[in-house]
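Examining the three-dimensional arrangement
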Amino acid sequence: MAGLWPKEKPRPTQSEAEVKVYNALAGGLPSGWTAWHSLSVRTDEGSEGEGDFVVAVPDRGFLVLEVKGGLIEQRDGRWFQNGHPMALAPRTQAHSFAKKLVGRLPSLPGMTIPFGILTLFPDTPSSHTPSQDNLRDLVLTERDIPHLGQALAARLDQAFPEGFVVPELPWRQKLHDLWGETWIPRVKLGHKKEINAEERYQLDQHQIEIIDSIAHNQRVCIEGVAGSGKTVMAREGAIRMAAAGKRVQMLCFTDALAQWLAHSLEGTGVQVATVPRFAAELLREQGDLDRLPATPEEWKEISLKAAFDALPLLDERPEVVIVDEAQDLAENEWLLVEELAKEARLWIFYDPAQAFWDDRPLPAWVEQMF
């Protein structure tokens with residue numbers, strides 16, 4: 001996914017300055033970085049924002065590049081663009097957008113993705129940056145455009161806050177999803193924000209046949225590409241088995257999917273959680289956890305601890321365990337799934353092409369299910 005998006009040319013824009021920045025990034029984006037031109041988000045409250053460029057920097061977080069074309073000046077504490085007063089200071093719009101974007105990205109308790117802001121004036125010749133404290137060393141001008149990638153890399157220490165750790169989460173993929181690479185209209189499974197307890201998604205004929213064919217299988221592992229309806233089939237299977245009186249536990253990797261599933265399955269009896277949060281709840285019920293983990297390292301160990309110390313009694317465990325986003329589960333999380341589902345029906349849905357980590361293969365006991 002690393003590189004500049006769009007791949008061929010910038011998104012439609014009337015800003016020649018943004019085109020300059022796009023062309024500069026196309027020829028000099030540092031290795032391993034990812035940049036998106038014109039990324040827009042909308043909050044749950046309906047507030048919208050757009051970033052001229054968003055750049056994902058490994059082990060740092062994301063940069064918002066605010067681009068202002070024309071001759072930019074500051075006089076008497078006020079900002080001017082081609083001699084006309086600017087309605088907003090250069091960084092104000094970028095700050096508002098960055099905060100909206102943070103709210104749309106994966107997070108852990110007490111940990112969000114760090115971000116920095118750089119302001120680019122690609123039409124303004126200058127050999128020094130403004131002295132205003134929040135702009136010092138954080139403004140790039142016309143002279144930086146020919147070697148823009150190097151100029152961005154040189155300002156990372158100034159742009160990013162000190163002491164922040166990037167959580168081990170698929171936040172770069174989420175940025176790409178928010179940017180929206182491709183949309184080809186087709187008649188397909190629809191998504192609804194509000195789903196009544198009695199409503200079901202309309203599966204296509206092929207998906208219905210798959211669900212019917214595996215309905216009585218104890219061990220199922222389904223591989224499917226993005227958009228093939230894995231989550232919808234997993235959800236339908238959970239509903240069917242809960243309606244048959246089974247105790248059903250759905251597990252996944254991301255909090256966002258867990259929240260959506262829990263909302264859409266309300267009233268069906270199906271329990272939903274990410275694997276680490278399910279582990280935390282088991283430990284809490286056993287009295288072995290008085291607070292949620294505060295660091296990625298603590299979260300890594302919680303599933304292992306639950307697998308050994310907090311499994312429910314056999315007659316209280318789920319009779320059906322359904323795992324979605326299985327390609328992203330870590331070794332300790334798989335251990336908890338294995339122990340939990342020893343006596344249960346286990347259905348696994350995954351897509352290796354959507355894996356965020358290259359070093360998280362399916363465990364051998366799952367491979368044997370194929």
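From a predicted model like this one, the values you see are computed outputs, not experimental measurements.

Analysis parameters
- Residues numbered from 1 in each chain as written.
- Predicted model: local features only at pLDDT ≥ 70, side-chain atom pairs only at ≥ 80, totals over all residues.
- Heavy atoms only, no water.
- 1 Å grid on protein atoms, 1.4 Å probe; cavity = no way out; pocket = protein on both sides within 12 Å on 5 of 7 lines; lining within 4 Å.
- Points joined across faces, edges and corners; volume = space filled by probe spheres on them.
- Helix = DSSP H or I, 4+ residues; strand = E, 2+ residues; numbered from the N terminus.
- Buried < 20%, exposed > 50% of the residue type's maximum accessible area, 1.4 Å probe, protein only.
- Lys, Arg positive; Asp, Glu negative; His and termini not counted.
- Salt bridge = Lys/Arg side-chain N within 4 Å of Asp/Glu carboxyl O.
- Contact = heavy atoms within 4.5 Å.
- Disulfide = S-S within 2.5 Å.
- Core = buried A, V, L, I, M, F, W, Y, C linked by side-chain atoms within 4.5 Å.
- Pairing = 2+ DSSP bridges.
- Axes fitted to C-alpha atoms, helices over the stretch in contact; angles between N-to-C directions.

**Observations regarding empty space enclosed by the protein**
Summed over the entire model, instances satisfying the criterion amount to one cavity of 30 Å³ or more. Space inside the largest cavity adds up to approximately 30 Å³.

**Some remarks on the side chain of E18**
The residue E18 is located in helix α1 (residues 16-26) in this model. Buried charge without a salt bridge: E18, with K68 as the nearest opposite-charge side chain at an N-O distance of 8.1 Å. For E18, the contacting residues outside a window of four places in its chain are T13, H37, D52, F53 and V67.

**Here's the deal with the state of the cysteines**
Evaluation of the coordinates by the stated rule reveals zero disulfides. For C221, which is in no disulfide, the shortest distance to another cysteine sulfur is to C252 and amounts to 16 Å. Of the residues examined, C221 reaches a relative accessible area of 14% and is grouped as buried. For C252, a relative accessible area of 1% gives the class buried.

**Some details on the nonpolar core**
Counting residues in each nonpolar core, the largest one holds 36 residues, and the members touching the most others are L251, V321, V323, W334, L336, V337 and I348. When residues of this core are traced back to their parent elements, those giving at least two are α9 (275-286), α10 (296-309), β13 (320-323), α11 (331-340) and β14 (345-350). Per element, the largest residue contribution to this core is six residues, and it comes from α9. Here V337 is in contact with L251, V275, V323, L329, L346 and W365, once residues within four sequence places are set aside. With 26 residues, the next largest nonpolar core counts Y22, V57, L63 and V67 among its residues.

**Considering the sheet that holds strand β10 (residues 219-223)**
The strands making up a sheet are joined through hydrogen bonds of the backbone, oriented either antiparallel or parallel. Taken in spatial order, the five strands line up as β10-β14-β13-β11-β12 in an open sheet, and their pairing is parallel. Two strands in the sheet have a free side with no partner beyond their single neighbour: β10 and β12 (271-274). Averaged over all pairs of adjacent strands, the angle between their axes in this sheet comes to 15 degrees, without regard to strand direction. With five bridges connecting them, β10 and β14 associate as parallel partners. Bridge pairing in β14 places E223 opposite Y350. Strands β11 (248-252), β13 and β14 of the sheet are contacted by helix α7 (residues 230-243), whose axis makes an angle of about 165 degrees with β14.

**Considering the sheet that holds strand β5 (residues 72-75)**
One open sheet accounts for three strands, arranged β5-β6-β7; its pairing is antiparallel. Of all the strands in the sheet, the pair left with one neighbour each is β5 and β7 (84-85). Pairing of strand β6 (residues 78-81) with β7, which is carried by two bridges, proceeds in the antiparallel orientation. Within β7, the residue paired with Q81 across the bridge is H84.

**Observations regarding the pairing of β6**
As paired strands, β5 and β6 are joined by four bridges and run antiparallel to one another. Among the inter-strand pairings, R75 is bridged to a residue of β6, identified as R78. Taken together, β5 and the strand that follows it, β6, pair antiparallel across an intervening segment of two residues, in which D76 is found at a positive phi of about 55 degrees. As consecutive antiparallel partners, β6 and β7 are separated by two residues, and within that stretch N82 has a phi angle of approximately 55 degrees, a positive value.

**Quick notes on the environment of E48**
Within the secondary structure, E48 sits in strand β3 (residues 48-57). The sequence separation of E48 and V320 amounts to 272 residues, and the corresponding C-alpha distance is 41 Å. Sequence-distant contacts of E48, that is, excluding residues within four places in its chain, are made with V41, R42 and K100.

**Some words on the pattern of salt bridges**
Enumeration according to the criterion identifies 17 salt bridges in this entry. Note that R60 and D157 form a salt bridge whose closest N and O atoms lie 2.6 Å from each other. Remark: D157 occurs in helix α4 (residues 156-159) and R60 occurs in the loop between β3 and β4 (61-67); sequence separation between them is 97 residues. Between K300 and E168 there is a salt bridge, and its shortest N-O distance comes to 3.2 Å. With a gap of 132 residues between them, K300 in helix α10 and E168 in the loop between α4 and α5 (171-179) connect regions that are remote in the sequence. Note on K300: relative accessible area 44%, which makes it partly exposed. In this structure E168 comes out as partly exposed when scored by relative accessible area, which is 31%. One salt-bridge network, in which partners are shared between bridges, spans E168, K300 and R360.

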